[in-house]
Structures are given as C-alpha cells and as structure tokens.
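Structural features, examined
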Amino acid sequence: MAQSYVQVTTTTDSRPEAAELAKSAVAERLAACAQLVGPVASTYWWEGEIESAEEWMVVFKTTADRFDELASLITDGHSYDTPEIIATPVVAGSMDYLAWLAEQTEPGGLDEAVDEPED
C-alpha cells in the first residue's frame, strides 16, 4: 500500500510551549518538520462563552502511520484540557519532499542527533 501523508495542526497559548511541542515531535521522529506560526488571533466557544485569545499554531509534517503517536505526544505535552489536534491529508506533493518526510519519520531514523564534543 502506498504511503500516505498528513499535516497535523495544534495551537497553544505561548511560543515556548509551541516550540517545545515542535522540538519533541521532531526529536521523537513523529514529524519530519514542525513549523510555528503566530501569533494568530483565535475566537472560539469555551464553556458556554465566546472567547478570544492570541495563540501560536504548530503545523507538523508526518506520515499517516505516525499520527496516533504524534497525537499522544501533543496531548501529553499540552497545557490545554482539550487541545486542537487536526490531521489534514496531503493529496499531492513533491516526490523528493515526500520521500524525505517518510525517511525522517521512520522509527530510529537515519540521521541520529550528534552530541557536541566536550571541551
């Protein structure tokens, strides 16, 4: 079966939290790339009231096979009671980019992080 790809989005109330979610997902190879966008103005219903807030969006690029693990990482590391976790299918893309995405999200991937030498 052919590989399928998704973009997963979430929002947080701070840039540091968004950056930590992005870094954790990439470090765990649950996403090949995570982009921070923001701040964005959000308006939504919460507990019977219309709320407005400044948030940061994180867009994760991954394979559909890694979605459940990525969703768990987002949920576990998120400060919201009910974080947004939405996967949008990628219907087409550059073959080279999609091949790179698949390679980078393989468990135990090829480009393991290298520690800086100690002085």
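Residues numbered from 1 in each chain as written. Predicted model: local features only at pLDDT ≥ 70, side-chain atom pairs only at ≥ 80, totals over all residues. Heavy atoms only, no water.

Named according to an unreviewed UniProt entry, the chain is Divalent-cation tolerance protein CutA originating from Actinomadura graeca. Here the chain is described in UniProt, under the heading Sequence similarities (unreviewed entry), as follows: "Belongs to the CutA family." (UniProt positions renumbered as here; feature names shortened; annotations may be inferred.)

**Brief notes about the pairing of strand 1 (residues 5-12)**
Two faces belong to every sheet, and in a regular strand the side chains alternate between them. By the criterion of burial, strand 1 is predominantly enclosed, with seven of the eight residues buried. With eight bridges joining them, strand 1 and strand 3 (residues 49-63) adopt antiparallel strand pairing. Counterpart to Thr9 in the pairing with strand 3 is Val59. In terms of strand pairing, strand 1 meets strand 4 (residues 86-89) through four bridges, oriented antiparallel. In the sheet register, Gln7 faces strand 4, and the bridge partner there is Thr88. (Buried < 20%, exposed > 50% of the residue type's maximum accessible area, 1.4 Å probe, protein only. Helix = DSSP H or I, 4+ residues; strand = E, 2+ residues; numbered from the N terminus. Pairing = 2+ DSSP bridges.)

**Side note on the sheet that holds strand 1**
As summarised here, the arrangement of the four strands in space is 2-3-1-4, forming an open sheet in which the pairing is antiparallel. In the strand order of this sheet, the two ends are held by strand 2 (33-46) and strand 4, each with one partner. Between one strand and the next, the sheet's axes are offset by a mean angle of 30°, whatever the strand orientation. Bridging between strand 2 and strand 3 involves twelve bridges; their strand directions are antiparallel. In the strand pairing of strand 3, Val40 is matched with Glu55. On top of the sheet, helix 3 (residues 95-104) reaches strand 1, strand 2 and strand 3; it is set at about 95° to strand 3, its chief contact. (Axes fitted to C-alpha atoms, helices over the stretch in contact; angles between N-to-C directions. Contact = heavy atoms within 4.5 Å.)

**So, the environment of Val59**
Among the structural elements, Val59 can be located in strand 3. The exposure class of Val59 is buried, given its relative accessible area of 11%. Along the backbone, Val59 and Thr9 are 50 residues apart, and their C-alpha atoms lie at a distance of 4.6 Å. Dropping the residues within four chain positions of it, Val59 is found in contact with Gln7, Val8, Thr9, Cys33, Ala34 and Gln35.

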